[in-house]
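If you want the building blocks of each chain, they are given just below.
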Amino acid sequence: MDNIQPYPDSIFKTISGTLKEWALDDFEIGRPLGKGKFGNVYLARERQSKFILALKVLFKSQLETAGVEHQLRREVEIQSHLRHPNILRLYGYFHDHSRVYLILEYAPRGELYKELQKCTKFDDRRSAKYITELSDALLYCHSKNVIHRDIKPENLLLGANGELKIADFGWSVHAPSSRRTTLCGTLDYLPPEMIEGRMHDEKVDLWSIGVLCYEFLVGKPPFEAVTHDETYRRIAKVDYKCPQFVSEGAADLISRLLKHNPNHRLPLKKVLEHPWIAENASKMSERRGVPSEGTTVSSQ
Ligand code: N15
């Protein structure tokens, strides 16, 4: 028990106790799951264990040209040490002459933004469940001094039981069918201190939770506007309004998160204790996380 050391990310301990480095040959490659700037993500299966995963392939030439190798290294380092049910696992990585491969957790229920597009908006129970899972994951990240900064529906996947998984597509990958294709990405989820280029800390994530809670319930983010400049202006003035159909409790939580002053935002622990969350998220878990109305198909 006393000689357990953290292994480098690319090396796994096998059942026989030997160390193993992965290679492309160890995997069967399936359908593409997404396309990105530096490469694609594929469904894959590890030959020996038959373990299903997502294999992300990045081209070294493109990483070099963009000068993001250092950033990739840092992100791999951070991501590989995070262990939380609501954070997509990075199991390891390897590389060959031309490519870097990231061995990622496969999220069977796919992308959350597609689900939101399909449903237009989510009800209170489902929204509260996602906000709970998100807050729980971020509480864990913040305890490790990791700030996410870029939480938006496009960065969220769904596990086998419909549970939310933060999959930080970060700087490198954008889903092929990105909803907002403004030239330099969307401002919608960024807090005033970030768009104004001021100092920011982990409280940026509290703002993002407020934005997401609004978007889950309304179907579009609170500061959405035709132009980049108009979104900027609306964020800086915290200019948003909850539609009438948003419940009082939800509107209260959103208003406690969308505060211009980061120090006035409701901390994550208080988010989890908020009456609207307590009331709605628990009803969800009694239903074992199945986020649909009506009949429940028996599992397994
Ligand atoms: C810099 C590096 C350390 C960051 C590591 N994290 C990522 O690269 C983030 N990332 C995750 N980039 C791509 C993915 C990704 C993982 C994309 C899609 C999936 C994935 N796991 N599972 C999917 C997935 N499952 C699906 C099911 C149905 C339809 C689409 C699906 N995509």
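We now turn to the structure provided with this report.

Rules used in this analysis
- Residues numbered from 1 in each chain as written.
- Predicted model: local features only at pLDDT ≥ 70, side-chain atom pairs only at ≥ 80, totals over all residues.
- Heavy atoms only, no water.
- Disulfide = S-S within 2.5 Å.
- Salt bridge = Lys/Arg side-chain N within 4 Å of Asp/Glu carboxyl O.
- Helix = DSSP H or I, 4+ residues; strand = E, 2+ residues; numbered from the N terminus.
- Buried < 20%, exposed > 50% of the residue type's maximum accessible area, 1.4 Å probe, protein only.
- Polar contact = N/O pair within 3.5 Å; in protein donor to acceptor, adjacent residues only side chain to side chain.
- Contact = heavy atoms within 4.5 Å.
- Expected span 1.5 Å × (residues − 1).
- Arc of directions from axis to C-beta.
- Pairing = 2+ DSSP bridges.
- Phe/Tyr/Trp six-rings, centres within 6.5 Å; stacked < 30°, edge-to-face > 60°.
- Lys NZ or Arg CZ within 6 Å of the ring centre and 35° of its normal.

## Notes on the state of the cysteines
Part 1 of the argument: This model, assessed by the stated rule, comprises zero disulfides.
Part 2 of the argument: In this structure Cys 213 is not part of a disulfide, and its nearest cysteine sulfur, from Cys 242, lies 8.4 Å away.

## Details of the pattern of salt bridges
Part 1 of the argument: Following the criterion strictly, the structure yields 17 salt bridges and no others.
Part 2 of the argument: Residue Glu 133 pairs with Lys 129 through a salt bridge whose shortest N-O separation is 3.0 Å. A residue pair is termed a helical-turn pair when its members lie 3 or 4 positions apart in one helix, as Glu 133 and Lys 129 do in helix H4 (residues 124-143) at four residues.
Part 3 of the argument: Classification of Glu 133 by relative accessible area gives buried; the value is 12%.
Part 4 of the argument: On the accessibility criterion, Lys 129 (8% relative accessible area) is buried.
Part 5 of the argument: The residue Arg 198 makes a salt bridge to Glu 196 at a minimum N-O spacing of 2.4 Å.
Part 6 of the argument: Of the residues examined, Arg 198 reaches a relative accessible area of 37% and is grouped as partly exposed.
Part 7 of the argument: One network of salt bridges, with partners in common, ties together Glu 230, Arg 233, Arg 234 and Asp 239.

## So, the side chain of Ser 135
Part 1 of the argument: Mapped onto the fold, Ser 135 is located in helix H4.
Part 2 of the argument: Note on Ser 135: relative accessible area 0%, which makes it buried.
Part 3 of the argument: Looking at Ser 135, its side chain comes within polar contact range of the main-chain oxygen of Ile 131, at 2.7 Å.
Part 4 of the argument: Residues in contact with Ser 135, not counting those within four places in the same chain, are Ile 209, Leu 268, Val 271 and Leu 272.

## Concerning helix H2 (residues 69-80)
The periodicity of an α-helix, 3.6 residues per turn, causes residues three or four places apart in sequence to face the same way.
Part 1 of the argument: Between its terminal C-alpha atoms H2 stretches 16 Å, which fits the 16 Å expected from twelve residues at 1.5 Å a residue.
Part 2 of the argument: Where H2 is concerned, the buried positions are Leu 72, Glu 75, Val 76, Gln 79 and Ser 80. Taken end-on, H2 shows its buried residues confined to a sector of 115 degrees, consistent with a single buried face. Along H2, the residues that are exposed and aim more than 90 degrees away from the buried face are His 70 and Arg 73.
Part 3 of the argument: Lining the buried residues of H2 we find strand S5 (52-59), helix H1 (60-66), strand S6 (90-95) and strand S7 (99-104).

## Describing the pairing of S5
Part 1 of the argument: Across the eight residues that make up S5, a large majority, six, are buried.
Part 2 of the argument: In terms of strand pairing, strand S4 (residues 40-46) meets S5 through five bridges, oriented antiparallel. Counted as the bridge partner of Val 41 is Lys 56 from S5.
Part 3 of the argument: Counting the residues in the hairpin turn of S4 and S5 gives five residues, including Lys 50, whose phi is positive at 65 degrees.
Part 4 of the argument: Strand direction decides the pairing type here: S5 and S7, joined by six bridges, are antiparallel. Counted as the bridge partner of Phe 59 is Arg 99 from S7.

## Thoughts on the packing of aromatic side chains
Part 1 of the argument: On inspection of all chains with the given rule, the structure shows ten aromatic pairs.
Part 2 of the argument: An angle of 65 degrees between the planes, with centres 5.5 Å apart, marks the rings of Phe 122 and Tyr 130 as edge-to-face. No difference in accessibility class separates Phe 122 from Tyr 130, as the two residues are buried.
Part 3 of the argument: Between the aromatic rings of Phe 122 and Phe 216, the centroid separation amounts to 5.7 Å while the plane-to-plane angle is 45 degrees, which identifies the pairing as tilted. Taken together, the residues span a long stretch of sequence, with Phe 122 in the loop between helix H3 (112-119) and H4 and Phe 216 in helix H6 (residues 204-218) at a distance of 94 residues. No difference in accessibility class separates Phe 122 from Phe 216, as the two residues are buried.
Part 4 of the argument: Chaining the aromatic ring pairs together yields one cluster made of Trp 22, Phe 27, Phe 94 and Tyr 101.
Part 5 of the argument: Above the plane of the ring of Phe 245 lies Lys 121, whose end atom (NZ or CZ) is 4.0 Å from the centre.
Part 6 of the argument: Looking at Arg 126, its charged tip hangs above the ring of Phe 122, at a distance of 4.4 Å from the centre.

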